[in-house]
Amino acid sequence: LSMLMTLIITGVGTLIHIFSTGYMKEDPGYARYFAYLNLFVFFMLILVLGASFPRMFVGWEGVGLCSYLLIGFWFEDRNNANAGKKAFIVNRIGDFGFLVAMMLIFSHLGTLDFVGVFEAAPTAFAYGGAVVTAITLFLFLGATGKSAQLPLYVWLPDAMAGPTPVSALIHAATMVTAGVYMIARLSFLYVWSPAAMATVAVVGALTAIFAALMAYAQNDIKKVLAYSTVSQLGFMFIGVGVGAWWAAIYHLVTHAFFKACLFLGAGSVMHGMRDQGDIRLFGGL
């Protein structure tokens, strides 16, 4: 699973870096942009390659920081700066859940290593017990913030304020799928709590429906794709919630490619329309 995520991050990331060299050519913040983009890929790789909760959390926080820097990249515009702050603050709510879950795991198992937790969980937790349900639900709160599920989806549509290749990398291919990856990685904990699994599936289903309906009402080309992303993430959470781990991860892989292509295509169209994003002005394009 980690290897698959690594290939997605580096593969899609490389293509988006190449696209960015042309897209950001005229921008005065060219060097700063690539510094942030590389830092983001670095933290994302730490997130998927870490062998313990604290290491995963370092990557988890790092991608949150980089998303703040990249969403608010054109910070001279007040709206862009506010969008970056909104993403940062909403993600902190989710990270609080992740931290509480880590503390609960450590207090009950005495280890935060994935292998140690995997070996100790069957003897320490009762099937459907209160402790394992609390841990998995707090972890899901972390995933809800990172992967923009109800009710913490509000940051992702505003995150379109950043450059379009950023939208393609962070909000389609990598960071927003970290929550799905985390639940799949910790599936050995989730199968001990049917209540948590049901919660994940129901929240995913509601998000998939609501976000798809919200996409209908958007006029900005990137916001349509943003709500579509929230909806697709909902489908992935339905997959992990009902125990079809492979289906969720398969959709994660396909989504990383098709949504990145859609965002880059939207960026290309916006460049052709002099950076105008309102689809009502595109005529029969």
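Since the model is a prediction, treat every value here as computed from it, not as a measurement. (Residues numbered from 1 in each chain as written. Predicted model: local features only at pLDDT ≥ 70, side-chain atom pairs only at ≥ 80, totals over all residues. Heavy atoms only, no water.)

The next point concerns the overall build of the chain. Assigned secondary structure in the chain consists of 13 helices and 0 strands. From first element to last, N terminus to C terminus, the chain shows the α and β order α-α-α-α-α-α-α-α-α-α-α-α-α. For the chain, whose C-alpha radius of gyration is 19 Å, the value lies close to the compact-globule estimate of 19 Å for 285 residues. Here the C-alpha coordinates of the chain stretch approximately 60 × 35 × 30 Å along the principal axes. Each of the 285 residues in the chain was classed as buried or not, and the buried ones make up 55%. Counting every atom, the chain has about 11,700 Å² of accessible surface; 70% of that belongs to carbon and sulfur. In the chain, 14 side chains carry a positive charge and 12 a negative one; their mean positions are 2 Å apart. (Helix = DSSP H or I, 4+ residues; strand = E, 2+ residues; numbered from the N terminus. Rg over C-alpha atoms; globule rule 2.2 N^0.38 Å. Buried < 20%, exposed > 50% of the residue type's maximum accessible area, 1.4 Å probe, protein only. Areas by Shrake-Rupley, 256 points an atom, 1.4 Å probe, with all protein chains shown as cover. Lys, Arg positive; Asp, Glu negative; His and termini not counted. Charge placed at Lys NZ, Arg CZ, Asp CG, Glu CD.)

Here the focus is the confidence of the model for the chain. Per-residue confidence for the chain gives a mean pLDDT of 91, with 100% of residues at or over 70. Least confident of the elements in the chain is helix α8 (residues 164-173), whose mean pLDDT is 84; most confident is helix α11 (residues 194-216), at 95. (pLDDT = per-residue confidence, 0-100.)

So, about helix α5 (residues 114-124). Within α5, the full set of buried residues consists of F114, G116, V117 and A121. Projected down its long axis, α5 carries its buried residues within an arc of 135 degrees, all on one side. Every exposed residue of α5 that faces more than 90 degrees away from the buried side is listed here: E119 and T123. Looking at the buried positions of α5, the neighbouring elements they touch are α3 (53-71), α4 (78-109), α9 (178-185) and α10 (187-190). (Arc of directions from axis to C-beta. Contact = heavy atoms within 4.5 Å.)

Side chains of L39, F42, L65 and Y68 sit close together on the surface and give an oily, nonpolar patch of about 320 Å² of accessible area. Elements with a contribution of two residues or more to the nonpolar patch: α2 (30-49) and α3. (Patch = residues over 30% accessible without salt bridge, like charges linked within 9 Å, V, L, I, M, F, W, Y side chains within 5 Å. Salt bridge = Lys/Arg side-chain N within 4 Å of Asp/Glu carboxyl O.)

Let us now look at helix α13 (residues 245-272). For α13, spanning 28 residues, the distance from its first C-alpha to its last is 40 Å, which sits close to the expected 40 Å at 1.5 Å a residue. Taken as a whole, α13 carries its principal kink of about 25 degrees at H255. Directly after α13, the chain includes R274, whose backbone phi takes a positive value near 55 degrees. (Expected span 1.5 Å × (residues − 1). Bend = angle between axes of the 7 residues up to and from the residue.)

This brings us to unusual backbone geometry. Across the junction of L150 and P151, the peptide omega takes the value -5 degrees, indicating a cis bond. You can see P151 is positioned in the loop between α6 (130-146) and α7 (155-158). Look at A148: it is not a glycine, yet its phi comes out positive at around 55 degrees. Here A148 shows up in the loop between α6 and α7.

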